[in-house]
Amino acid sequence: MAVARPIRMLGAACILLCLFLIFQINQSQGPSFISKGSKGYDGMKNDPLSNPTGEPEGHLWRAEDNDYAPDSASSARTNAALISLVRNEELNDLIPTMKDLERTWNGKFNYPWIFFNDKPFTEEFKKRTQAETKAKCYYEQVPKEHWDPPEWINMELFRESAAILNEQKIQYSDKLSYHQMCRWNSGMFYKHSALKNYKYYWRVEPKVQFFCNVDYDVFRFMEDRNLTYGFTINLFDAPQTLPTLWPETKKFLAANPSYLSSNNMMEWLTDNTLRPDHTEAANGYSTCHFWSNFEIGDLDFFRGEQYDAYFNHLDRAGGFFYERWGDAPVHSIGLGLFADAAKVHWFRDIGYNHIPYFNCPNSPKCSKCTPGKFYAGEPFLAKEDCRPSYFKHVGMH
Ligand SMILES: Nc1nc2c(ncn2[C@@H]2O[C@H](COP(=O)(O)OP(=O)(O)O)[C@@H](O)[C@H]2O)c(=O)[nH]1
Ligand SMILES: [Mg+2]
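Model, not experiment: these values are computed from the prediction.

Asker: In this structure, what is going on with the sheet that holds strand β13 (residues 352-354)? I would like to understand it.
Answerer: In a beta sheet, neighbouring strands are held together by backbone hydrogen bonds and run either parallel or antiparallel to one another. The three strands lie next to each other as β7-β13-β14, forming an open sheet whose pairing is antiparallel. At either margin of the open sheet sits one strand with a lone partner, and together these are β7 (209-210) and β14 (357-359). The pairing of β13 with β14 spans three bridges and is antiparallel. Bridge pairing links Y352 to N359 in β14.

Asker: I would appreciate a short explanation of the site of ligand 1 in the present structure.
Answerer: Lining the immediate environment of ligand 1, one finds 14 residues, of which L85, E90, N117, D118 and Y178 sit closest. Separating a nitrogen atom of ligand 1 from a backbone N or O atom of V86 is a distance of 3.1 Å. Within the side chain of Y172, a nitrogen or oxygen atom sits 3.1 Å from an oxygen atom of ligand 1. Looking at which element gives the most residues to the shell around ligand 1, the answer is helix α6 (residues 176-187), with three residues. Within the shell around ligand 1, the residues separate by chemical class into seven nonpolar, three polar and four charged.

Asker: What's the story with the coordination of the magnesium ion (ligand 2) in this structure? I'm lost.
Answerer: Geometry sets the ideal angles at a metal, namely 109.5 degrees for four tetrahedral donors and 90 or 180 degrees for six octahedral donors. Within the protein, the atoms that donate to the magnesium ion (ligand 2) are E205 (OE) and H354 (NE2), at distances of 2.0 to 2.2 Å. Residue E205 is found in the loop between β6 (200-203) and β7, and its partner H354 is found in strand β13; the two are separated by 149 residues along the sequence. Accessibility expressed as a relative area gives 19% for E205, which makes it buried.

Asker: Looking at this structure, I do not really get the sheet that holds strand β12 (residues 344-346). What am I missing?
Answerer: Across the sheet, seven strands lie side by side as β5-β4-β3-β6-β11-β8-β12; this open sheet has mixed pairing. Looking along the sheet, the strands with just one partner apiece sit at the ends: β5 (137-141) and β12. For this sheet, the mean angle separating the axes of adjacent strands, direction not counted, is 20°. In terms of strand pairing, strand β4 (residues 113-117) meets β5 through five bridges, oriented parallel. Residue pairing in the sheet places I114 in a bridge with Y138 of β5.

Asker: What should I look at first to understand the packing of aromatic side chains in this one?
Answerer: Applying the stated criterion across every chain, the model contains 54 aromatic pairs. For the pair F231 and F290, a centre-to-centre distance of 4.7 Å together with 40° between the ring planes defines the contact as tilted. One end of the pair, F231, is in strand β8 (residues 229-231); the other, F290, is in strand β10 (residues 289-290), and 59 residues separate them in sequence. Residues F231 and F290 agree in their burial class; the two are buried. Note on W268 and F290: the rings are 4.8 Å apart at their centroids and 40° apart in plane angle, and the pair reads as tilted. Placement of W268 in helix α9 (residues 266-269) and of F290 in strand β10 is noted, with a sequence separation of 22 residues between them. We classify F290 as buried; its relative accessible area is 0%. The residue whose ring lies beneath K136 is Y138, and the NZ or CZ to ring-centre distance is 5.1 Å. Above the face of the W61 ring, R220 is positioned so that its terminal group lies 4.1 Å from the ring centre.

Definitions and cut-offs
Residues numbered from 1 in each chain as written. Chains lettered and ligands numbered in written order. Predicted model: local features only at pLDDT ≥ 70, side-chain atom pairs only at ≥ 80, totals over all residues. Heavy atoms only, no water. Pairing = 2+ DSSP bridges. Helix = DSSP H or I, 4+ residues; strand = E, 2+ residues; numbered from the N terminus. Near = heavy atom within 4 Å. Polar contact = N/O pair within 3.5 Å; in protein donor to acceptor, adjacent residues only side chain to side chain. Nonpolar A, V, L, I, M, F, W, Y, C, P; charged D, E, K, R; others polar. Donors = N, O, S within 2.8 Å, 3.2 Å for Na, K, Ca; no water. Buried < 20%, exposed > 50% of the residue type's maximum accessible area, 1.4 Å probe, protein only. Axes fitted to C-alpha atoms, helices over the stretch in contact; angles between N-to-C directions. Phe/Tyr/Trp six-rings, centres within 6.5 Å; stacked < 30°, edge-to-face > 60°. Lys NZ or Arg CZ within 6 Å of the ring centre and 35° of its normal.

Given below as structure tokens:
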């Protein structure tokens, strides 16, 4: 039976519309490696780290081709240092971390270590850390004016807010030193005189582990590609720690619209598809951040006009004390707004652990971690991984 032409056209249009809708639905679900459990997002189905991972592309500076001798005045090292804020009491946790990083990377390149502390370092601390490296170690005290709560902070209000956060089981919320540490890492570290002449830093914390041999100079890698920041892990934060961080950020942006990078990461910062409850509770910020206990960064970005003005605005707003703003979300929002997204790099090849999360690539250069395993512990930890949102909105570079 012949079908009239208009009916045929209508049928074809319906098929096209259905195909278009199916395509749209697939798009909005994001990358296929995101798995959706019965109660919504529950982590990544196939971690991209399960696939073989090699070194990054392009020219790499290697220790066998260049002078990286510890005392050489004309070495191939660029202007960079390993930095660590640490307490004397954490010495025993720091030593295995230093051993890991020296064995996998710095033993070849001999970049200096700079240790920071709000108290003077003990002689034992200095002796035992220097014994772990051929490179030079420096021991720096954080000036009181960088560590003490600023004079506009009302300590009574701090204690009251901390008690409320503590009832909500927010870890460290009533520990003043934790708030001070987060503030220092957010906006003070790059102002320390010991870092004045440095361009790049790699942040290291006691107790973290490194699993893979990295056979190229990561600082030269940053420099050659003009990168701003490198990370390993992308995580959600607890929204209760930062309810007014995004509203304060929006105020800052409204007053300084020209600071926004033309290739910013706004879509990632405000994603409300992966964990909508988080974005809502954090008043518009997804809480997704670069986990800053590992970071390789360009100090000029943090010292720059935009980030420093942003930090000063946040500092005045008081949330480092009245809430529990972490340096990870603050760095991440700063980068997401003011940096060029193409200049942020995922160091997928650097095997890393800070309890309880991992970045473990599938590579013969790695040992003692399981490729693609993101966490150790309870399965609910899987949903803290927000790399899928980062990969979707920013990319996998
Ligand atoms: N000197 C000093 N370092 C601190 C203090 N609080 C934290 N840190 C350091 O700051 C970093 C982050 O602290 P950590 O306890 O690991 O916090 P977490 O990773 O959020 O659990 C680590 O390198 C600590 O050694 C402090 O009061 N004084
Ligand atoms: Mg830590």
